[in-house]
Amino acid sequence: MKTPLVELPVQTAEGEFLARYSENGLVELDFPKAGRASSRAEKKKLVPAKILGWHALTSTALKNILAGRAAKKLPPLDWAGKTEFQKSVWRALLKIPAGGTKSYGEVAAAIGRPKAVRAVGGACGANPIPVLVPCHRVLAANGKIGGFSGGLDWKRRLLASDDTL
DNA sequence: CTCCGCCTACCAA
DNA sequence: TTGGTAGGCGGAG
């Protein structure tokens, strides 16, 4: 069976994000979804203190980034089940500072696979923890926006707050 | 093995 | 500039 996940909401000015945790850390972070509004106060009582602690880190990091500040401290990220390639791409993304950007090609070069450009795009799209793992800071080589699984609106919004430095 | 994608560089209009 | 294209690579089925 699978590791049970604990879901906890994060209220932000942009809406309610939803974080999912395993016993090893943050597994997923979802963008606010219309129709899912605040109706989930749920189980909170049964949530281990460990996870509540991580969630506090997730919340502050998320709010900091949305406000154009650096995330500072992140909870442990649980990338279990993901491929090495994806993990190396995401690790590289974590190194992009707020306000900075890289092209897919640069990320590919950074992980030692200069030709795996398109595959990097694939890994970005598979990123389960947007915002904290800043896939939005990766642009196309021509400086254009590129794509974004969470919707280009979000990508633009996130880049805009990044610029608030 | 085949098909697809948050890419790119290149060539033709 | 815009548009079509072929190469290259990892992931999913």
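In this text, all values refer to a predicted model and were calculated from it rather than measured experimentally. (Residues numbered from 1 in each chain as written. Chains lettered and ligands numbered in written order. Predicted model: local features only at pLDDT ≥ 70, side-chain atom pairs only at ≥ 80, totals over all residues. Heavy atoms only, no water.)

Undergrad: Any chance you could break down the side chain of threonine 58 for me, citing the residues and the numbers?
TA: Within the secondary structure, threonine 58 is located in helix α1 (residues 49-66). Owing to a relative accessible area of 0%, threonine 58 belongs among the buried residues under this scheme. When near neighbours in sequence (up to four residues on either side) are disregarded, threonine 58 contacts Ala19, Tyr21, Leu26, Pro75 and Leu132. (Helix = DSSP H or I, 4+ residues; strand = E, 2+ residues; numbered from the N terminus. Buried < 20%, exposed > 50% of the residue type's maximum accessible area, 1.4 Å probe, protein only. Contact = heavy atoms within 4.5 Å.)

Undergrad: Summarise the protein's contact with DNA strand B; cite the residues concerned and give the values.
TA: The environment of DNA strand B is made up of 16 residues, and the closest members are Tyr104, Arg118, Cys124, Ala141 and Ser149. In the interface set of DNA strand B, defined as its atoms within 4 Å of the protein, sugar plus phosphate atoms amount to 39%. Here a base nitrogen of DNA strand B sits 2.9 Å away from a polar atom, N or O, in the main chain of cysteine 124. Alanine 141 is positioned such that a nitrogen or oxygen atom in its backbone is 2.7 Å from a phosphate oxygen of DNA strand B. Of all elements in the fold, only α3 (104-110) and α4 (117-125) reach the threshold of two or more residues within the surface near DNA strand B. Examining the composition of the surface near DNA strand B, we find that 6 residues originate from one element, α4, more than from any other. (Near = heavy atom within 4 Å. Polar contact = N/O pair within 3.5 Å; in protein donor to acceptor, adjacent residues only side chain to side chain.)

Undergrad: Mind laying out the protein's contact with DNA strand C, listing which residues take part and the relevant values?
TA: Around DNA strand C lies a shell formed by Thr83, Phe85, Gln86, Lys115, Ala116, Arg118 and Ala119. Within 4 Å of the protein, the contacting atoms of DNA strand C are drawn from sugar and phosphate to the extent of 63%. Here arginine 118 contributes a side-chain N or O atom positioned 2.9 Å from a base nitrogen of DNA strand C. At the level of elements, α2 (84-94) and α4 are the ones that each hand at least two residues to the surface near DNA strand C.

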